[in-house]
Amino acid sequence: MIVVTGGAGFIGSAFVAKLNAEGIVDALGTSEKWKNLVKCRYADYLDKGAFLALVDRDKVPFPVEALVHMGACSSTTERDAGYLMENNFHYTCRLAAWALAKGIRFLYASSAATYGDGAQGFDDDDRTSLALKPINMYGYSKQLFDLRVLRLGMAERVAGIKFFNVFGPNEYHKGDMTSVVFKAFHQIGETGRVRLFKSHRSDYADGGQQRDFVYIKDCVEVLWWLLNHGEVNGIFNLGTGRARTWNDLIGALFAALGKEPAIDYIEMPMAIRGQYQYFTEANMAKLQNSGCPVLFRPLEEAVADYVQNHLLREEPYL
């Protein structure tokens, strides 16, 4: 049986759709993310607290061959450090210890937020990972577990994935953390225009800030490959390896809708200016050299698929 934590969330539920999973762990609460599971078949659903209690007592009542740990608070603006430490770091530590003791394949979600302002580049070489300095508490909570993996020699036994800017179906429940594609699609529907942050650096034009945008469907294929290649371990970047501007992204969105771009540039809130990343681009050599054969869709193709096969059809989930 395969257990997916965060199985009703964005990346987790997309992977469940790929697996047609047999076991899922999450916390549904009062959100709308239960809809992500409507089309899926699975053997059981456990609240994340109930599952952890079973793990701690070594009483998980079913055989587990793999644990895909996608569950976490993914809000980059979360200020409750204690919550992030418990939910993102300590929870992961306990699951990993149990999985490794049982010889269970363990995949977990790290984040490109660990790279901080990007001053040290975006290379997933272990030596670089040891020196990274995240600029928000979310990134720090992910960095702490990456450091634990490296310090305890777990990198030869687990696979961690540093997700870059993921977008696509199954994200609609994420509120402020939904992708700009999702937000902009609805802005266009309401006003015909899109709002982007102005640049506050002279070396980047308004809307010229760059991100490594990666489509959820491609991420799922990488997770599937890693799940089936237990000999491949370590901490890997997961992006396309090519940074594109916000203007490129919005241009692709308008093109998918058959419209001319209409963009308004607005002031960036002071609260995020100090921790805003102007450039991210995954170095994908490590994953490619591991033998992973997944090819990533060009941005325009990915945006068109999301818009035309999901958002316009009002089927925002897989």
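Up top is the structure these notes are about.
Source: prediction; values computed, not measured.

A.B. asks: If you had to explain the state of the cysteines to someone new, which residues and values would you point to?
C.D. replies: A full pass over the atoms with the stated rule returns zero disulfides. Residue Cys292 stays outside any disulfide, its sulfur separated by 11 Å from that of Cys219, the closest cysteine. Taking the relative accessible area as the measure of exposure, Cys292 reaches 10% and is therefore buried.

A.B. asks: Which residues make up helix α11 (residues 299–311), and what are the values?
C.D. replies: Each α-helix winds once per 3.6 residues, and so residues spaced three or four apart point in a common direction. Taken residue by residue, α11 has Leu299, Ala302, Val303, Asp305, Tyr306, Val307, His310 and Leu311 as its buried positions. Close packing links the buried residues of α11 with β7 (165–167), α6 (180–191), β10 (213–215), α7 (216–227), β12 (244–245) and α8 (246–256).

A.B. asks: Tell me about the pattern of salt bridges, residues and numbers included.
C.D. replies: Summed over the entire model, instances satisfying the criterion amount to 15 salt bridges. Among the ionic pairs, Arg244 bridges to Glu300, the shortest N-O distance being 2.5 Å. A residue pair is termed long-range when its members are at least 10 positions apart, and Arg244 in strand β12 and Glu300 in helix α11 qualify at 56 residues. Classification of Glu300 as partly exposed rests on a relative accessible area of 37%. Each member of the salt-bridge network shares a partner with another, and the members are Asp56, Glu86 and Arg94.

A.B. asks: Give me the packing of helix α1 (residues 10–19) against α7: which residues, what numbers.
C.D. replies: Their axes nearest at 9 Å, the elements α1 and α7 cross at an angle of 65 degrees. Note that α1 runs across α7; the crossing there is right-handed. For the pair α1 and α7, contact is made by Phe10, Ile11, Ala14, Phe15, Lys18 and Leu19 and by Ile216, Val220, Glu221, Leu223, Trp224 and Leu227, respectively. Grouping the constituent residues of the contact of α1 with α7 by class yields 10 nonpolar, no polar and two charged.

Here is what the cut-offs are and how they apply
- Residues numbered from 1 in each chain as written.
- Predicted model: local features only at pLDDT ≥ 70, side-chain atom pairs only at ≥ 80, totals over all residues.
- Heavy atoms only, no water.
- Disulfide = S-S within 2.5 Å.
- Buried < 20%, exposed > 50% of the residue type's maximum accessible area, 1.4 Å probe, protein only.
- Helix = DSSP H or I, 4+ residues; strand = E, 2+ residues; numbered from the N terminus.
- Contact = heavy atoms within 4.5 Å.
- Salt bridge = Lys/Arg side-chain N within 4 Å of Asp/Glu carboxyl O.
- Axes fitted to C-alpha atoms, helices over the stretch in contact; angles between N-to-C directions.
- Left-handed = near helix turned anticlockwise from the far one by under 90°.
- Nonpolar A, V, L, I, M, F, W, Y, C, P; charged D, E, K, R; others polar.

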